[in-house]
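A closer look at the structure
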2 protein chains.
Amino acid sequence: MSAVPVSDVHAYLTGLQDNIVQALEQAGGESFRTDTWQRPEGGGGVSRLIEGGQLLERAGVLFSHVHGTRLPPSASAHRPELAGRSWQAMGVSLVLHPRNPYVPTTHMNVRMFVAAARPGHDENDVFWFGGGLDLTPYYAFEDDARHFHQVCRAALDPHGAAYYPQYKRWCDEYFYLKHRQEMRGVGGVFFDDLNEPGFDASFALLRSVGDAFLPAYLPIVQRRRDTPYTQAQRDFQAYRRGRYVEFNLVFDRGTLFGLQSGGRTESILLSMPPMAQWRYDWQPAAGSPEAALAGFLQPRDWA
Amino acid sequence: MSAVPVSDVHAYLTGLQDNIVQALEQAGGESFRTDTWQRPEGGGGVSRLIEGGQLLERAGVLFSHVHGTRLPPSASAHRPELAGRSWQAMGVSLVLHPRNPYVPTTHMNVRMFVAAARPGHDENDVFWFGGGLDLTPYYAFEDDARHFHQVCRAALDPHGAAYYPQYKRWCDEYFYLKHRQEMRGVGGVFFDDLNEPGFDASFALLRSVGDAFLPAYLPIVQRRRDTPYTQAQRDFQAYRRGRYVEFNLVFDRGTLFGLQSGGRTESILLSMPPMAQWRYDWQPAAGSPEAALAGFLQPRDWA
């Protein structure tokens, strides 16, 4: 029987949340709020967030750690042998919606799930890790997409050359709006159910993904944050934010499962943009910077 | 073998669309656009819509008639004996998002589905009707909710005293945001799978529902359209429109089925508001007009 060192993961995740919030506060010169919550059935979380900021119009960097005494069959449909075990899930999840339309929106998530060995049974704790990071630009800058993917690749290559291509493709497939026939953005990396390399190697990979976020994203912020913009660019940003809403509410498994299973609505929907617009059958003018975005929303090799 | 008089329903529905658009154009003093589209697999539609109007900030009144030669098993899961029949579906669907926050948003839909008898088989055409109308106010005016429901009741009572209570409850249950524990608005009536009274009686009921829309809604428009408002009321409207987005994208079966089955995205998402806002864990001030809305978003007897 081997026990998962949960407290090590807990310490890493809370430290990651702190580091990211601190870096974003420093970049924006504005403080994040803190909202601590308890889950009646066990566990809780700490939401760090900002609304109406100059740099970040709406952003949340969330830590949560929830647990229960009996894993429901619905939560273990593909691993029925785990039903009834005690379980815990912890993770850091962030979505940042910057105000300047030239600064991309981004999302990052790192998480672990553990179903505990039952006392007196000859079995191990079962764990798996998941997560990823991805970028959703409004304007098509090749440098930004390449930089983001290069940092993703550099984070994963030390763990094995197969990871980046595999997780990049997974991300392209996951963040896809079928009804629009386009990706949510330029992708990044996405993975789930990681346990095959064993706990130590899997946790090391998770840390590499979490630690990649700031170097992948902050240089893009610094490069674009002072670009002047007009209401026309803000309107395009609001229109594209509508696609972000569509993906998250129609396709994102975490969002749908959370909303349908009594998850904490305000935390889950902190991924929503501050505002979004819809227009009927709208197309950007041919040759415009807005039209160039479409070329970024199909799978491409960026790194 | 009895054949459904499809052309009668077609004539009623296109006439209803015309009447409603004409009445709304007259009320707003602004013309609707017309967008005609074809469905590659058979059929098409006529979308009448307005965006950026003074009275209606975004609104669509849509007619569609689509058909196919073989009903897919997925579309007839609860009636497996219909798989493989030729089929057609037609309907009028509207969503109106007025600009003035004191004028409620509204939705109406009337539709018919027919699976044709196969030539040489001893069977009948199978049909069913569905539809309804409902009201989503931003500010809580009891007169408006009562008027809307009274017109709904008056439309259904001639067909049988049981219809209004049954369809009112169905509407309360259908337009419910589980994760917010609130209804989308004050409801109205909702029904589906209506065929038991036979074609003539079912079609008559459908017409009563369709014809009820203008008398249910227009008097409310006239009563509220000149109420002065400020940016604070517009912001509350935008916040509440976020709930409309959440319902339609997370819960509405027609929207989800349409988006997942290759339906016409721009028509389906004409139900989206022109813009919506999200704020973290926001609550209106106690005792404010905005706080009063919550009392309208649980099932109540209105008529």
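An account of the accompanying structure is given in this report. Here the structure is a predicted model, which is why all the values come from computation and not from measurement. (Residues numbered from 1 in each chain as written. Chains lettered and ligands numbered in written order. Predicted model: local features only at pLDDT ≥ 70, side-chain atom pairs only at ≥ 80, totals over all residues. Heavy atoms only, no water.)

Another aspect to go through is unusual backbone geometry. Within the chain, A:Asp193 stands out as a residue other than glycine whose phi angle is a positive 60 degrees. Within the secondary structure, A:Asp193 is located in strand β9 (residues 187-194). Look at A:Asp193 and you get partly exposed, because its relative accessible area is 40%. Although it is not a glycine, B:Asp281 adopts a positive phi angle of roughly 50 degrees. Checked against the element boundaries, B:Asp281 lands in the loop between β10 (275-277) and α8 (289-292). Relative accessible area serves as the criterion here: at 37%, B:Asp281 is assigned to the partly exposed category. (Helix = DSSP H or I, 4+ residues; strand = E, 2+ residues; numbered from the N terminus. Buried < 20%, exposed > 50% of the residue type's maximum accessible area, 1.4 Å probe, protein only.)

Now for the sheet that holds strand β3 (residues 56-68) of chain B. All names here are of chain B. The antiparallel open sheet is built from 7 strands, whose spatial order is β1-β2-β3-β4-β5-β6-β9. Because the sheet does not close on itself, it has two edges, and the strands there are β1 (33-38) and β9 (187-194). Across the sheet, the axes of successive neighbouring strands diverge by a mean angle of 5 degrees, strand direction being ignored. Against the sheet, helix α2 (residues 142-156) contacts β5 (105-115), β6 (126-136) and β9, and its axis sits at roughly 30 degrees relative to β9. Contacts from helix α3 (residues 163-174) reach β6 and β9, with the element oriented near 100 degrees to β9. (Pairing = 2+ DSSP bridges. Axes fitted to C-alpha atoms, helices over the stretch in contact; angles between N-to-C directions. Contact = heavy atoms within 4.5 Å.)

Here we take up the packing of helix α5 (residues 231-251) of chain A against helix α6 (residues 253-260) of chain A. Residues and elements named next belong to chain A. Contact geometry of α5 with α6 gives a least axis separation of 6 Å together with a crossing angle of 55 degrees. It follows from the interaxial angle that α5 and α6 lie oblique. On α6, the residues touching Asn 248, Leu 249, Val 250 and Phe 251 of α5 are Arg 253, Thr 255, Leu 256 and Leu 259. Counted by class, the contact of α5 with α6 contains 5 nonpolar, 2 polar and 1 charged residues. (Parallel < 35°, antiparallel > 145°, perpendicular 65-115°, else oblique. Nonpolar A, V, L, I, M, F, W, Y, C, P; charged D, E, K, R; others polar.)

It is worth spelling out the packing of aromatic side chains at this point. Going through the model one piece at a time under the given rule, you end up with 50 aromatic pairs over all chains. Ring centres 5.4 Å apart and planes at 80 degrees place the aromatic pair B:Phe127 and B:Phe199 in the edge-to-face group. Residue B:Phe127 is found in strand β6, and its partner B:Phe199 is found in helix α4 (residues 199-224); the two are separated by 72 residues along the sequence. No difference in accessibility class separates B:Phe127 from B:Phe199, as the two residues are buried. When the centroid spacing of 5.6 Å and the interplanar angle of 20 degrees are considered together, the rings of B:Phe213 and B:Tyr217 count as stacked. Residue B:Phe213 and its partner B:Tyr217 are both found in helix α4; the two are separated by 4 residues, about one turn of the helix. Across this residue pair, the class does not change: B:Phe213 and B:Tyr217 are buried. Three or more aromatic residues joined by ring pairs form one cluster here, namely A:Tyr163, A:Tyr167, A:Trp170, A:Tyr174, A:Phe175, A:Phe190, A:Phe191, A:Phe247 and A:Phe251. When the ring centre of B:Phe203 is taken as origin, the NZ or CZ atom of B:Arg207, which lies over that ring, is 4.4 Å away. Positioned over the ring face of B:Phe141 is B:Arg224, at 3.7 Å from the centre of the ring. (Phe/Tyr/Trp six-rings, centres within 6.5 Å; stacked < 30°, edge-to-face > 60°. Lys NZ or Arg CZ within 6 Å of the ring centre and 35° of its normal.)

Our next topic: the interface of chain A and chain B. If you look at the interface, chain A gives 32 residues, while chain B gives 32 residues. Between chain A and chain B lies a buried interface of about 2,900 Å² when both sides are counted; carbon and sulfur atoms form 57% of it. Three residues, A:Glu266, A:Trp278 and A:Tyr280, lead the burial of chain A against chain B; their summed loss comes to 30% of the area buried on that side. Across the chain A-chain B interface, the total number found is 2 salt bridges. The partner of B:Arg180 in a salt bridge is A:Glu266, with the nearest N and O atoms 2.9 Å apart. Joining chain A to chain B, the criterion identifies 19 residue pairs in polar contact (both at pLDDT 80 or more). Counting residues per element, the ones that place at least two in the side of chain A that touches chain B are β1 (33-38), β2 (43-51), α5, α6, α7 (265-268) and β10 (275-277) of chain A. If you tally residues by element for the side of chain A that touches chain B, the top one is α5(A), at 4 residues. When grouped by side-chain class, the residues that make up the side of chain A that touches chain B number 15 nonpolar, 6 polar and 11 charged. Two strands pair when backbone bridges link them, and β10(A) and β10(B) are joined in this way by 3 bridges, in the antiparallel orientation. (Buried area = accessible area lost by both parts, 1.4 Å probe. Salt bridge = Lys/Arg side-chain N within 4 Å of Asp/Glu carboxyl O. Polar contact = N/O pair within 3.5 Å; in protein donor to acceptor, adjacent residues only side chain to side chain.)

Glancing now at the pattern of salt bridges. Residues and elements named next belong to chain A. Inspection of the entire model under this criterion finds 46 salt bridges over all chains. The residue Glu 25 makes a salt bridge to Arg 48 at a minimum N-O spacing of 3.5 Å. Of the two residues, Glu 25 sits in helix α1 (residues 6-28) while Arg 48 sits in strand β2, which places them 23 residues apart along the sequence. Given a relative accessible area of 22%, Glu 25 falls into the partly exposed group.

We now examine the environment of B:Phe236. Residue and element names in this part refer to chain B. Take Phe 236: it is sitting in helix α5 (residues 231-251). For Phe 236, a relative accessible area of 3% corresponds to the buried category. Each C-alpha atom, one on Phe 236 and one on Glu 290, is 7.5 Å from the other, the two residues being 54 residues apart in sequence. Ignoring sequence-local partners within four residues, the contact set of Phe 236 consists of Tyr 138, Tyr 139, Arg 279, Trp 282, Glu 290 and Leu 293.

With that settled, the discussion passes to the sheet that holds strand β6 (residues 126-136) of chain A. Residue and element names in this part refer to chain A. Strand order across the open sheet formed by 7 strands is β1-β2-β3-β4-β5-β6-β9, with antiparallel pairing between neighbours. With partners counted over all chains shown, the strands left at the sheet margins are β1 and β9, one partner each. Adjacent strand axes in the sheet meet at a mean angle of 5 degrees, parallel and antiparallel pairs treated alike. Its contacts with the sheet place helix α2 (residues 142-156) against β5 (105-115), β6 and β9, and it is angled at close to 30 degrees to β9. Contacts from helix α4 (residues 199-224) reach β4 (87-98), β5, β6 and β9, with the element oriented near 15 degrees to β6.

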